[in-house]
Amino acid sequence: MVVCLQVQIHRISLGTSFWPGEQLQHSSFSGSAKHEKHRNLSLVCVSNMREFDQTALVSAGKYLQNASTISEAISLVKKHLHQGSTIDSYMYVDVLQRCFKHKDLTSVKQVHDCILKSGMDQNPYVANKLMRVYIRCGKVQDARHVFDKLVKKNVFNWTTMIGGYAEHGRPADAIEVYNQMRQEGGRPNEVTYLSILKACACPVGLKWGKEIHAHISHGGFRSDVPVQTALVNMYAKSGSIKDARLVFDEMAERNVITWNVMIGGLAQHGFGQEAFSLFLQMQEEGFVPDSTTYLSILTATACSSAGALGWVKEVHRHAVKAGFDSDMRVCNALVHVYSKSGSVDDARLVFEGMLDRDVISWSAMIGGLAQNGCGHEAFSLFLKMQREGVIPNVTTYVSILTASASAGALEWVKQVHNHARKAGLGSDFRVCNALVHMYAKSGSIDDARLVFDQMSVRNVFTWNAMIGGLAQHGCGQEAFSLFLRMRREGVVPDAITYMSILNASASTGALGWVKEVHRQAVQAGLDSDVRVGNALVHMYCKTGSISDARLMFDGMVERDVITWTAMISGLAQNECGQEAFSLFLQMQREGFIPVATTYASILNVCTSTGLAMVEEI
DNA sequence: TTAGGGTTAG
């Protein structure tokens with residue numbers, strides 16, 4: 001006790017600037033006579049320790065060391081508060097940090113209460129700590145309350161509040177605080193800019209991000225590498241990869257993080273080849289890729305495009321050479337992207353070579369197998385992971401339940417469902433969505449419906465899975481009534497819903513309500529979606545209304561090979577061989593490569609109209 | 001004393 005008191009005394013004698021609330025509440029010390037203060041305090045210390053206990057400054061950590069639990073620490077704080085002793089900022093911060101360590105929000109509230117009683121809520125340092133703790137516990141509103149009550153805010157307080165909103169994906173609130181800061185004459189520093197740019201790193205943040213870019217340029221942060229890197233990141237994440245590249249190219253100085261941000265941005269926008277070029281360039285310029293570089297470039301978006309496998313293998317070779325083949329996260333990413341780029345064998349090789357595997361490794365491999373037509377192997381691995389003591393999570397279940405349909409799948413899907421039930425995930429919304437989808441896909445529309453009916457919460461995916469399943473099973477009427485019920489329940493259909501319901505319509509051949517769905521799709525502004533358009537062309541052909549199909553086809557802004565094939569098949573089946581054939585030629589003139597179904601349709605035309613056309617093919 | 005740019009599984 002004496003030791004820590006002396007520390008405090010020393011601080012006073014050196015004239016350390018104290019926040020008013022930290023000064024002795026019951027002492028007569030003030031102003032000038034430092035030596036007198038020291039002498040008086042020393043006298044108190046020596047002559048009457050008991051009396052001093054009640055009035056002296058309580059030094060933070062050392063005093064609280066005696067408290068082994070949070071409640072003991074809080075009791076001590078309360079005791080001192082009750083006795084009228086002043087509790088300094090260190091002590092509050094110490095006890096707040098203990099609360100945070102144990103994620104004990106109830107205790108935080110109690111400390112907050114003491115802080116209010118002692119008036120320390122106006123201490124920017126204490127207030128900042130309190131805000132941070134609230135933010136880290138997910139209580140941004142409580143942090144905001146502390147912030148709003150703070151009369152004199154410093155740059156830390158502003159930045160913490162902005163950063164809190166950034167962490168919780170609330171760009172509009174972050175901007176509001178940032179603007180308020182500027183209006184009140186606060187001067188953002190580099191950390192403030194990092195925080196606000198993080199908040200704006202999302203599609204809705206772009207318009208604000210651009211404004212902040214201007215502030216940064218005028219504020220003298222043009223050569224600040226972290227701030228400029230944050231700008232690159234903001235543009236990349238908000239969808240403006242061109243602006244990201246512009247900022248990146250203009251930077252006079254960069255570090256590994258800058259390169260990672262730019263590479264990751266390009267990869268996430270599907271520019272895999274460009275990301276790979278930059279990956280090579282950074283090394284030419286003497287930068288050594290770290291694990292984040294590999295994680296950034298190995299994203300599914302970049303790696304699942306045509307021709308990606310070549311450079312993915314090249315990146316893999318670099319990773320091995322640099323020793324990252326023992327980095328679990330890098331290997332997990334490799335398993336994932338190899339599966340996505342269609343090389344499940346490479347994925348398997350990486351997976352089997354891994355020394356350590358976590359739930360992500362297993363889920364990535366299981367998902368990769370499931371989606372590449374190896375459902376049974378995926379299921380075996382799902383059982384194996386559990387034998388090895390790794391517990392499947394929601395993603396594992398969703399991964400395995402998005403398998404491609406294969407013979408005998410229903411049997412293992414039921415077993416997976418059982419496992420999910422036992423794991424307490426049987427009614428998880430995401431798992432249920434995947435179950436509805438998978439049951440329908442593997443042939444049991446009844447099981448799909450059972451899961452669907454038992455769900456308490458449904459979203460558009462749930463409805464789509466069920467409607468699509470019914471449509472595929474030829475239950476057009478049921479699909480259509482479910483579509484109507486979905487609308488009655490206020491769920492807004494998306495392109496997939498219209499696509500599914502149109503497939504169901506085609507199977508029933510009822511032109512009347514097909515036209516009604518078309519009308520609704522137009523109303524929803526989804527008739528320009530290529531998938532909906534394709535379904536409409538297909539459906540009009542099926543119902544025999546070739547003129548409606550052609551009208552739809554001609555009006556489509558975007559067409560793909562499915563559009564052309566649907567129209568050609570429709571014409572062929574409706575005895576319009578000549579028109580089908582000319583469209584077949586036009587399709588190729590426009591650069592579309594016919595697929596097997598296209599050829600099948602056109603060959604049908606040829607057999608019925610004579611062999612002359614075959615030679616032209 | 002406090003605020004802090006990038007990162008893997010559906």
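Above this text sits the structure in question.
Since the model is a prediction, treat every value here as computed from it, not as a measurement.

Concerning the overall build of chain A
So, step 1. Regarding its fold elements, chain A presents 38 helices and 0 strands.
So, step 2. A total of 617 residues make up chain A; the buried ones form 49% of that total.
So, step 3. Within chain A, residue pairs in contact and separated by at least 24 positions form 61% of the contacts whose partners lie at least 6 positions apart.

Describing the environment of Asn 604
So, step 1. By the secondary structure assignment, Asn 604 is in helix α37 (residues 596-609).
So, step 2. Since its relative accessible area comes to 52%, Asn 604 is described here as exposed.

Some thoughts on the protein's contact with DNA strand B
So, step 1. Tyr 125, Asn 189, Thr 229, Asn 260 and His 336 are the nearest of the 39 residues found near DNA strand B.
So, step 2. Near the protein, meaning within 4 Å, the atoms of DNA strand B are sugar or phosphate in a fraction of 44%, with bases accounting for the rest.
So, step 3. Separating a base oxygen of DNA strand B from a side-chain N or O atom of Tyr 125 is a distance of 2.6 Å.
So, step 4. Within the backbone of Pro 226, a nitrogen or oxygen atom sits 3.2 Å from a base nitrogen of DNA strand B.

Digging into helix α36 (residues 577-589)
So, step 1. Counted at 1.5 Å a residue, the expected span for α36 with its 13 residues is 18 Å, and the 19 Å between its end C-alpha atoms agrees.
So, step 2. Listed as buried for α36 are Gly 577, Ala 580, Phe 581, Leu 583, Phe 584 and Met 587. Buried residues along α36 cover an arc of 160° about the axis, so they all sit on one side. Exposed residues pointing more than 90 degrees away from the buried face of α36 are listed as Gln 578 and Arg 589.
So, step 3. Gly 591, located one to two residues past α36, shows a positive phi value of around 90°.

Some remarks on the packing of aromatic side chains
So, step 1. Taken as a whole and judged by the stated rule, the model has 21 aromatic pairs.
So, step 2. When the ring of Phe 279 is compared with that of Tyr 294, the centres are 5.6 Å apart and the planes differ by 70°; the resulting orientation is edge-to-face. Of this pair, Phe 279 sits in helix α17 (residues 272-284) while Tyr 294 is found in helix α18 (residues 291-297), placing the two residues 15 residues apart along the sequence. For the pair formed by Phe 279 and Tyr 294, the shared burial category is buried.
So, step 3. With 5.1 Å between their ring centres and 80° between their planes, Phe 553 and Trp 564 make a pair best called edge-to-face. With Phe 553 in helix α34 (residues 546-555) and Trp 564 in helix α35 (residues 561-573), the pair connects residues that are 11 residues apart, well separated along the chain.

Rules of the game
Residues numbered from 1 in each chain as written. Chains lettered and ligands numbered in written order. Predicted model: local features only at pLDDT ≥ 70, side-chain atom pairs only at ≥ 80, totals over all residues. Heavy atoms only, no water. Helix = DSSP H or I, 4+ residues; strand = E, 2+ residues; numbered from the N terminus. Buried < 20%, exposed > 50% of the residue type's maximum accessible area, 1.4 Å probe, protein only. Contact = heavy atoms within 4.5 Å. Near = heavy atom within 4 Å. Polar contact = N/O pair within 3.5 Å; in protein donor to acceptor, adjacent residues only side chain to side chain. Expected span 1.5 Å × (residues − 1). Arc of directions from axis to C-beta. Phe/Tyr/Trp six-rings, centres within 6.5 Å; stacked < 30°, edge-to-face > 60°.

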